[in-house]
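# Geometric and topological summary
Spelled out from the first residue to the last, the chains are:
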Amino acid sequence: MRKKSSGCILIAPLVLGCLVFYLAPFLLVLRFSFSAGSGKSIRLVGLENYQRILRNESFMLAFGNSLKFFAVGLPLIMVFAYLIALLMQKQADRHKLLKSVFLFPYIMPVAGTVLLVDLLFSEAGLLNSLLGALGLPAGDWLAGPSAFWVTIGLYLWKNAGYAVILLLAGLITIPTEQYESADLDGANTWQRFFYITTPQMWYSVFFALVFSVINGFKCFREIFLIGGQEPGDEIYMLQHFINNSFESMNYASLSVSSILLLAVILIFFGLFYGFVERKEAYRA
Amino acid sequence: MREKTAFRRVSGGFAALLSVIFLAPFCYVLLSSFWSQGKVSFLPYYDVFWGQSQYMLRFWRSLGISLCVGLGQLLVSVLAGFGFAKCRFPGRNAIFFGLMILMVLPVQVTLVPNYIMLGQLGLLDSYPALILPLIFAPLGAFILRQSFASIPDSIIDAAMLDGCGIPRILLWIAMPMNVSGLVCAFLLSFLDAWNMVEQPIAYLRNFERYPLSVALAYVPPTSMAIHLVCCILVVLPCLFLFAFFNRELVEGITLAEVK
């Protein structure tokens, strides 16, 4: 009926573009990561680059900080978004407006949010003047450990709305009859949550998680701009490392960090996807 | 029953509080932008929009780049999205799965490969270097595949029986039935291009050619008043698009979650 050839023609532009701009270069990068030198003197050195970068302090700092950012930020954004979505579940009449409001920070451009953070948290910022008015000591919130929490706050503020919309889309597909009959059987709120809502939400949760990770990586550019080229140790992220390696044109370490990051992301999603698939199998 | 109204009040108050948290920062920036040297002033606005040409020049350039990305991405994604949703061909699921993996990869992973490839193609230090890789980002195809899938097969089969080819089906049936998917794909890629930071820093040598987003954040204007107005200038296109299309955007994001 619908011919094979037309399908192939339709996807051809995208697939070709991805081959040229993403897949082929990845193979090049993979080769770079195993070799040293450049131009004609290029030679294979096996895992030497990997060993060197794993001993590189600034890479490990950037990698560790990025992991920490996700380890703290992801659970927070999921809990936060889930709570909002659950609250909104029963108020369909308010959905339209609220969803738009929640998505509003997401469309704020980077330059705007960076300036905003500066206005609120810099030494002469709003927070410090409020603290000063209350007679409390002011601090430099963008230096030291508090900078990390400022970036987490920024991440939550900007991206929670996106996750709320995805979770809500899952919540409203759960038939209300199920809650009503559970009520008749005397189930309490917790039981309804654990035995009706949760088992039907794994797919949506996975989806929201995937997009929260994507958005989290986008947040690195804000952190990069807040911190400048030489930020404090607390918010030295992969973005900074990659940018600094770019300035010194260090192909080997750039390639290796790309490959390592790719591996971590694939393993993380692979594990979680497997988990969700197992949970979903019970539903069918 | 009374318990329910109480719940509605409490959660209504909570929703209002959340709305304030989500909206207040922007209002703060907007108000601050009219406030300079202790009084209400429109002088900074005049400076940015008419007085100094550098900001508007960057603004139009950024807008051009982002529109190219958005429209290019839309064209590529419509074709691919429809192909994946409604045509059968060998390797369809495998290719789609591969694209989804590509979709979750952050710029930090693809920046270096892209850079190397653009160097090989001789495109470095030009605007196509910023535009082309983003056009072929798979997110739009993913969103459109999911939203095209919700169009019933029977409608398309009926059109085929009546002698409609794929181009006409796309133009007259599938696309009009899927406006929110189209708007969503366009908006998300437009925003991505509008916000690009890493690519210009890595690919462009000359600061003069940086788009507005990076230029502002990288070398902020020395005057705070000008900076605030520039910030409003950056927000304007997003605000404009959001005001018109927020419902389609929300709907498109929701539709993307179809299994």
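Values in this document were obtained by computation on a predicted structure and should not be read as measured data. (Residues numbered from 1 in each chain as written. Chains lettered and ligands numbered in written order. Predicted model: local features only at pLDDT ≥ 70, side-chain atom pairs only at ≥ 80, totals over all residues.)

## Comments concerning the overall build of chain B
Summing up its helical and strand segments, chain B has 13 helices and two strands in all. Taken along the three principal axes of its C-alpha coordinates, chain B extends 70 × 70 × 35 Å. Relative to its full complement of 259 residues, chain B shows a buried share of 47%. Once local pairs closer than 6 in sequence are excluded, the contacts in chain B between residues at least 24 apart make up 81%. (Helix = DSSP H or I, 4+ residues; strand = E, 2+ residues; numbered from the N terminus. Buried ≥ 20, exposed ≤ 12 C-beta atoms within 10 Å, placed from the backbone. Contact = placed C-beta atoms within 7 Å.)

## Looking at the interface of chain B and chain A
Across the boundary between the two partners, chain B contributes 70 residues, which contact 73 residues of chain A. With 12 residues, the single largest contributor to the side of chain B that touches chain A is helix α13 (residues 224–255) of chain B. Per-class residue counts for the side of chain B that touches chain A are 50 nonpolar, 12 polar and eight charged. (Nonpolar A, V, L, I, M, F, W, Y, C, P; charged D, E, K, R; others polar.)

## Section: the domain arrangement of chain B
Residues and elements named next belong to chain B. When the domains of chain B are assigned, the result is domain 1 (1–33) and domain 2 (43–255). Placing a centre on the C-alpha atoms of domain 1 and another on those of domain 2 gives a separation of 31 Å. If you look at the interface, domain 1 gives four residues, while domain 2 gives four residues. Broken down by class, the residue content of the side of domain 1 that touches domain 2 amounts to two nonpolar, two polar and no charged. (Domains from an automatic or database assignment.)

## Here's the deal with the nonpolar core
Judged by nonpolar contacts, the single largest core of 155 residues is most densely connected at A:Ala81, A:Ala163, A:Val164, A:Ile165 and A:Leu166. Counting residues per element, this core draws most heavily on α13(B), at 15 residues. Excluding residues that lie within four positions of it along the chain, A:Ala163 makes contacts with A:Ile77, A:Met78, A:Ala81, A:Ala208, A:Phe211 and A:Ser212. (Core = buried A, V, L, I, M, F, W, Y, C linked by C-beta atoms within 7 Å.)

## Remarks on the packing of helix α5 (residues 110–121) of chain A against helix α10 (residues 202–227) of chain A
If you want to describe how two helices pack, look at the angle between their axes and the distance between the axes. All names here are of chain A. Orientation of α5 relative to α10, taken along the N-to-C sense of each, is 50 degrees, at an axis distance of 10 Å. The angle between α5 and α10 places the two elements in the oblique class. By crossing handedness, the relation of α5 to α10 is classed as right-handed. Facing Val110, Thr113, Val114 and Val117 of α5, the residues of α10 in contact are Arg221, Glu222, Leu225 and Ile226. Of the residues assigned to the contact of α5 with α10, the class counts are five nonpolar, one polar and two charged. (Axes fitted to C-alpha atoms, helices over the stretch in contact; angles between N-to-C directions. Parallel < 35°, antiparallel > 145°, perpendicular 65-115°, else oblique. Left-handed = near helix turned anticlockwise from the far one by under 90°.)

## Concerning the packing of helix α7 (residues 145–171) of chain A against α10(A)
Residue and element names in this part refer to chain A. At a minimum axis separation of 9 Å, α7 and α10 run at an interaxial angle of 155 degrees. As judged from the angle between their axes, α7 and α10 are roughly antiparallel. Judged by the twist between their axes, the crossing of α7 over α10 is right-handed. From α7, Thr151, Leu154, Tyr155, Lys158, Asn159, Tyr162, Ala163, Leu166, Leu167, Ala169 and Gly170 reach across to α10, where they touch Tyr203, Ser204, Phe207, Ala208, Phe211, Ser212, Asn215, Gly216, Cys219, Glu222 and Ile223. For the contact of α7 with α10, the per-class residue count stands at 13 nonpolar, seven polar and two charged.

## Topic: the confidence of the model for chain A
On average, residues of chain A score 85 in pLDDT, and 95% of them reach the 70 mark or higher. Ranking the helices and strands of chain A by mean pLDDT puts helix α3 (residues 57–89) of chain A first, with 92, and strand β2 (residues 43–44) of chain A last, with 76. (pLDDT = per-residue confidence, 0-100.)

## Some thoughts on the environment of A:Tyr203
All names here are of chain A. Its location among the elements puts tyrosine 203 in helix α10. Residue tyrosine 203 is classed as partly exposed on the basis of its 17 C-beta neighbours within 10 Å. Placed 24 residues apart in sequence, tyrosine 203 and tyrosine 179 show a C-alpha to C-alpha distance of 20 Å.

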